[in-house]
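One-letter residues, chain by chain:
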Amino acid sequence: MKTYFVAVALAAATVFSGEALSSEDQFNLEPASLDQLEKAVRSKGDPARGREIFLDTGDAQCANCHRLQGVGGHVGPDLDSILGKLDIRQIAESLVAPSRKITEGYDTYTIARTDGKILSGLKLKDSDKELLLRDGLGKDTVIQKEQITRIEKSPVSLMPARLVSRLSRNDLVNLISFLKSPAAQLELKGRLSRAWITGPFSRSISRTEPLEKNPDPAKVAVSSSGKLLQWKLINARADGLIQLAGPAAAKKSSAYILALMKSDRDREAVLWLDHSSALRLLVNSETVYSTKNPATNSRLSIRLRKGWNTILSRVSNPTGNSTLGIRYEPARGLRLTADRQD
Ligand code: HEC
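Each residue is numbered by its place in its chain's sequence as written, counting from 1. Residue-level local features of this predicted model are given only where pLDDT is at least 70; pairs of side-chain atoms are given and counted only at 80 or more, and the full residue set underlies all totals for whole chains, interfaces and linings.

## Comments concerning the sheet that holds strand 19 (residues 323-328)
So, point 1. Pairing in this open sheet of 4 strands is antiparallel, and the strands run 12-19-14-17 from one edge to the other. Every other strand in the sheet has two partners, leaving strand 12 (242-243) and strand 17 (295-304) as the edge strands with one partner each.
So, point 2. Two strands qualify as a pair provided that DSSP identifies no fewer than 2 bridges between them. The secondary structure listing takes helices from DSSP runs of H or I that are at least 4 residues long and strands from runs of E that are at least 2 residues long, numbered from the N terminus. Two elements, strand 12 and strand 19, share 2 bridges in a ladder whose sense is antiparallel. By the bridge assignment, Ile 242 is partnered in strand 19 with Leu 324.

This is the structure we're talking about:
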């Protein structure tokens, strides 16, 4: 039987003495080890810390692929309806050895094309003429059936098994306790976890730019000074705030952050804003909020129309690392996202 180990950070003492890890530091899918893990989750799991691990886009990457309370990507299955059915042991198994049991409908296919390219991913659509494949980064590719030379169902899950090996044992315990805590999950609700960013623009956030009329991430933005700027996707940090980053985030400038809000009808909605610097916010191209001062949990009532609405923020960036947090008060028929597909 294969044993899967979760690597743990070596304690300095262990390194110095050259001792092997004690069995307590290791975790695998043997019953005794699962017992220990289950006890640890129940007795000292910290769901709030686990939430940060879930959202961490660098190490655990869970939210890159999975959605929970409306937050996260759309590669793996939505976890809201799944987690309640899995006990601690089953969750541990699906994290450590994702390929042992693959969720129905989420098989990975490997496809060889006539041009010699090999692609792999989930089969989203399969018609007579073409096939739609989604890879582990959420990128979709349409493949013409006549271009396929071979197609195979892979025994390996698209969910990487090595992810949890980057976590310490404590972090794994905290992550699982978050996955078993509906209350801690509910706090994700309404958060904007991904958005589009473009810039840099002039410091003065009150100066309007042509892109404000029709902000569209699929189009190149042209600044009033004639610069051509791309929109880039940016993920929120583990604390839920979006930190301006990349070429758009030059010091002493400002940038635009774009999100989309879908509503099932014309109505009022409430946004909660956290910003570390001056901010001007536009809903469907109209400025509805403008302040020079930072704020936490600032409540803003906005008017939405039926369908998609643009939520555009002009964020001043004096230090080069301004942050912006947007949450909405959850209500049936409302959605806040970066991508219409989300
Ligand atoms: C690259 C995308 C990707 C990442 C990153 C990822 N997963 Fe998955 N996950 C999937 C896919 C695809 C499946 C469905 C196939 C399977 O069951 O292995 C899945 C399955 C699961 C399941 C099993 C669901 C069931 O029906 O039993 C759980 C639980 C889960 N993931 C949790 C997590 C957690 C927690 C993390 C972060 C440590 C994570 N995943 C990271 C793509 C991903």
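## Some words on the sheet that holds strand 3 (residues 108-113)
Sheet strands pair via backbone hydrogen bonds, and the direction of the pair is either parallel or antiparallel.
So, point 1. Judged by pairing direction, the sheet is antiparallel, and its 5 strands sit side by side in the order 6-5-4-3-7 without closing on themselves. The sheet is open, and its two borders are formed by strand 6 (140-144) and strand 7 (148-154), each paired with just one other strand. The average angle at which neighbouring strand axes cross in this sheet is 45°, direction not considered.
So, point 2. Note that strand 3 and strand 4 (residues 118-126) share 5 bridges and pair antiparallel. Along strand 4, the bridge assignment pairs Thr 110 with Ser 120. Where helices are involved, their axes are fitted lines through C-alpha atoms of the stretch in contact, as for all axes, and angles between N-to-C directions lie from 0 to 180°.

## A few points about helix 6 (residues 169-179)
So, point 1. Counting buried residues in helix 6 gives 9 out of 11 residues, a clear majority hidden from the surface.
So, point 2. Against the buried residues of helix 6 lie helix 2 (31-44), helix 3 (47-55), helix 5 (88-96) and helix 7 (182-186). Neighbour density around each residue's C-beta defines its exposure: 20 or more other C-beta atoms within 10 Å make it buried, 12 or fewer make it exposed, and counts between make it partly exposed, where C-beta atoms are placed from the backbone. For every residue pair, C-beta atoms are placed from the backbone, and the pair is scored as a contact if these atoms sit within 7 Å.

## Observations regarding the site of the ligand
So, point 1. Surrounding the ligand, one finds 26 residues, the nearest of these being Cys 62, Cys 65, Gly 76, Ser 157 and Met 159.
So, point 2. When contributions to the shell around the ligand are tallied by element, the ones reaching two or more residues are helix 4 (62-65) and helix 5.
So, point 3. Across the shell around the ligand, the residue classes break down as 18 nonpolar, 8 polar and no charged. The C-beta atom of each residue is placed using the backbone, and any residue whose C-beta lies within 6 Å of a molecule or strand is treated as near it. Each residue is assigned to one of three groups, with Ala, Val, Leu, Ile, Met, Phe, Trp, Tyr, Cys and Pro labelled nonpolar, Asp, Glu, Lys and Arg labelled charged, and all others, Gly among them, labelled polar.

## Some points on the environment of Glu 329
So, point 1. Position of Glu 329 relative to the elements: it lies in the loop between strand 19 and strand 20 (334-337).
So, point 2. What makes Glu 329 partly exposed here is the crowd of 13 C-beta atoms within 10 Å.
So, point 3. The sequence separation of Glu 329 and Ala 269 amounts to 60 residues, and the corresponding C-alpha distance is 7.1 Å.
So, point 4. Those residues in contact with Glu 329 that lie beyond four places of it in its chain are Gly 190, Ala 269 and Val 270.

## Side note on the nonpolar core
Soluble globular proteins: nonpolar side chains tend toward being buried together.
So, point 1. Ala 195, Ile 197, Ala 255, Tyr 256, Ile 257, Leu 258 and Ala 259 are the most contacted members of the largest nonpolar core, which has 39 residues in total.
So, point 2. In this structure, Tyr 256 is in contact with Ile 197, Thr 198, Gly 199, Leu 211, Leu 312, Ser 313 and Arg 314, ignoring residues within four places of it in sequence.
So, point 3. Counting 30 residues, the second-largest nonpolar core is a separate cluster that includes Leu 37, Ala 40, Val 75 and Ile 176. A set of buried Ala, Val, Leu, Ile, Met, Phe, Trp, Tyr and Cys residues, joined through C-beta atoms within 7 Å, is what we mean by a nonpolar core.

## Thoughts on helix 5
So, point 1. What helix 5 keeps buried is the set Ile 88, Ala 92, Leu 95 and Val 96. Take helix 5 and look down its axis: the buried residues cluster within an arc of 90°, on one side only.
So, point 2. Next to the buried residues of helix 5 lie helix 2 and helix 6. What the arc covers is the set of directions going from the helix axis to the C-beta atoms.

## Focus on the domain arrangement of the protein
So, point 1. One can read the domain layout of the protein as domain 1 (12-100 + 160-186), domain 2 (108-154) and domain 3 (194-337).
So, point 2. Where each domain begins and ends is defined by an automated method or by a domain database. Placing a centre on the C-alpha atoms of domain 2 and another on those of domain 3 gives a separation of 36 Å.

## Some words on the environment of Leu 312
So, point 1. Note that Leu 312 resides in strand 18 (residues 307-317).
So, point 2. Using a count of 22 C-beta atoms within 10 Å as the deciding quantity, one classes Leu 312 as buried.
So, point 3. Each C-alpha atom, one on Leu 312 and one on Val 283, is 6.4 Å from the other, the two residues being 29 residues apart in sequence.
So, point 4. In this structure Leu 312 touches Glu 212, Pro 215, Tyr 256, Leu 258 and Leu 282, once residues within four positions along its chain are discounted.

## A closer look at unusual backbone geometry
So, point 1. Geometrically, the link from Gly 199 to Pro 200 is a cis peptide bond, its omega value of 0° lying close to zero.
So, point 2. Structurally, the position occupied by Pro 200 is in strand 8 (residues 194-201).
So, point 3. Backbone geometry places Gln 69, a non-glycine residue, at a positive phi of 50°.
So, point 4. Taking the number of C-beta atoms within 10 Å as the measure of exposure, Gln 69 has 17 and is therefore partly exposed.

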